[in-house]
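These are the residues of each chain, in order.
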Amino acid sequence: MSEARARLLASASRLFYAEGLHSVGIDRVIADAGVTRATLYRHFPGKDDLLVAYLTAADQAIRAQIEAARTAGGPPDGIVRAVAATIADGIRSPGFRGCAFLNAAAEYPDPAHPVHQAVLAHRQWFLSTVTELLAGTGETAPGPAAQHFVMLRDGAMAAGCLSDPAPICETFLLGVEGILRYRDAAIAAEAAPPR
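Residues numbered from 1 in each chain as written. Predicted model: local features only at pLDDT ≥ 70, side-chain atom pairs only at ≥ 80, totals over all residues. Heavy atoms only, no water.

### Notes on the overall build of the protein chain
So, point 1. From N to C terminus, the protein chain includes 9 helices and 0 strands.
So, point 2. Listed N to C, the secondary structure of the protein chain is α-α-α-α-α-α-α-α-α in terms of helices and strands.
So, point 3. For the protein chain, the spread of C-alpha atoms along the principal axes amounts to about 75 × 35 × 30 Å.
So, point 4. Classification of the 195 residues of the protein chain by burial places 41% in the buried group.
So, point 5. Considering only intrachain contacts with a sequence separation of at least 6, the fraction spanning at least 24 residues in the protein chain is 66%.
So, point 6. In the form shown here, the protein chain has an accessible surface area of approximately 9,900 Å², with 61% of it arising from carbon and sulfur atoms.
So, point 7. Seen as two clouds, the 17 positive and the 20 negative side-chain charges of the protein chain have centres 3 Å apart. (Helix = DSSP H or I, 4+ residues; strand = E, 2+ residues; numbered from the N terminus. Buried < 20%, exposed > 50% of the residue type's maximum accessible area, 1.4 Å probe, protein only. Contact = heavy atoms within 4.5 Å. Areas by Shrake-Rupley, 256 points an atom, 1.4 Å probe, with all protein chains shown as cover. Lys, Arg positive; Asp, Glu negative; His and termini not counted. Charge placed at Lys NZ, Arg CZ, Asp CG, Glu CD.)

Listed below in structure tokens is the structure:
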């Protein structure tokens, strides 16, 4: 990636996340990145391309966090807990303004728009990944459990920027523990001898 492209993407990402996708114009990104209009359009033919690049970078960062949790090792339920902890850490971080993907979907509700498509692609990957992680724990119904995890995450992301994030994160992490405990209870019930 060229230095100019990296500066443009860094400026756009910071501004879009902090202030919103519609409210930040191309001129603001150009000025913040310290490049010319021609440089911007050489790297991003239009604002939609820049928006999709911003979401792609956010997607890659989340993929890297999950991969780090996986490669750190430990039991499968420990990996699920590590993923949940990274989410909670993000919510507690300075400048947290909710989920970049949920925010983008709210601003671009048309399912055919490239921004909305990028959101859907990320969310499908995330749900599939959480389903896979929960299946690795022995969860007998990993699909519904993963949907529950994603809904808990979405709620925590929305609430975490509206009030004190500490109790939000605590509730989210307790919810993830509940998913894992429910799995343990279901596995124990299946293993119990018939009466």
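### Points about the pattern of salt bridges
So, point 1. In the structure shown here, the tally under the stated rule is 11 salt bridges.
So, point 2. Where arginine 37 meets aspartate 27, a salt bridge forms, and the shortest distance between an N and an O atom there is 2.0 Å. Here arginine 37 is found in helix H3 (residues 37–43), whereas its partner aspartate 27 is found in helix H2 (residues 26–33), with 10 residues between them in sequence.
So, point 3. Arginine 37 sits in the partly exposed class, given a relative accessible area of 40%. (Salt bridge = Lys/Arg side-chain N within 4 Å of Asp/Glu carboxyl O.)

### Description of the packing of helix H4 (residues 47–71) against helix H5 (residues 76–92)
So, point 1. At a closest axis distance of 9 Å, the pairing of H4 and H5 adopts a crossing angle of 145°. Once H4 is placed against H5, the crossing between them reads as right-handed. The segment H4 lies against H5, with Gln65, Ile66, Ala69 and Arg70 engaging Ile79, Ala82, Val83 and Thr86.
So, point 2. A breakdown of the residues in the contact of H4 with H5 according to their chemical character gives 5 nonpolar, 2 polar and 1 charged. (Axes fitted to C-alpha atoms, helices over the stretch in contact; angles between N-to-C directions. Left-handed = near helix turned anticlockwise from the far one by under 90°. Nonpolar A, V, L, I, M, F, W, Y, C, P; charged D, E, K, R; others polar.)

### Concerning the nonpolar core
So, point 1. Among the nonpolar cores identified, the biggest contains 59 residues, and Phe16, Val29, Phe126 and Phe149 are the most heavily contacted of them.
So, point 2. Contributions of two or more residues to this core are made by helix H1 (3–19), H2, H4, H5, helix H6 (100–107), helix H7 (114–136), helix H8 (142–160) and helix H9 (165–191).
So, point 3. For this core, the element with the most residues is H4, which contributes 9 residues.
So, point 4. In this structure, phenylalanine 16 is in contact with Leu21, Val24, Val29, Lys47, Leu50, Leu51, Tyr54 and Arg97, ignoring residues within four places of it in sequence. (Core = buried A, V, L, I, M, F, W, Y, C linked by side-chain atoms within 4.5 Å.)

### Focus: H7
So, point 1. Spanning 23 residues, H7 covers 33 Å between terminal C-alpha atoms, matching the ideal 33 Å at 1.5 Å per step.
So, point 2. Within H7, burial applies to Val115, His116, Ala118, Val119, His122, Trp125, Phe126, Thr129, Val130, Leu133 and Leu134. (Expected span 1.5 Å × (residues − 1).)

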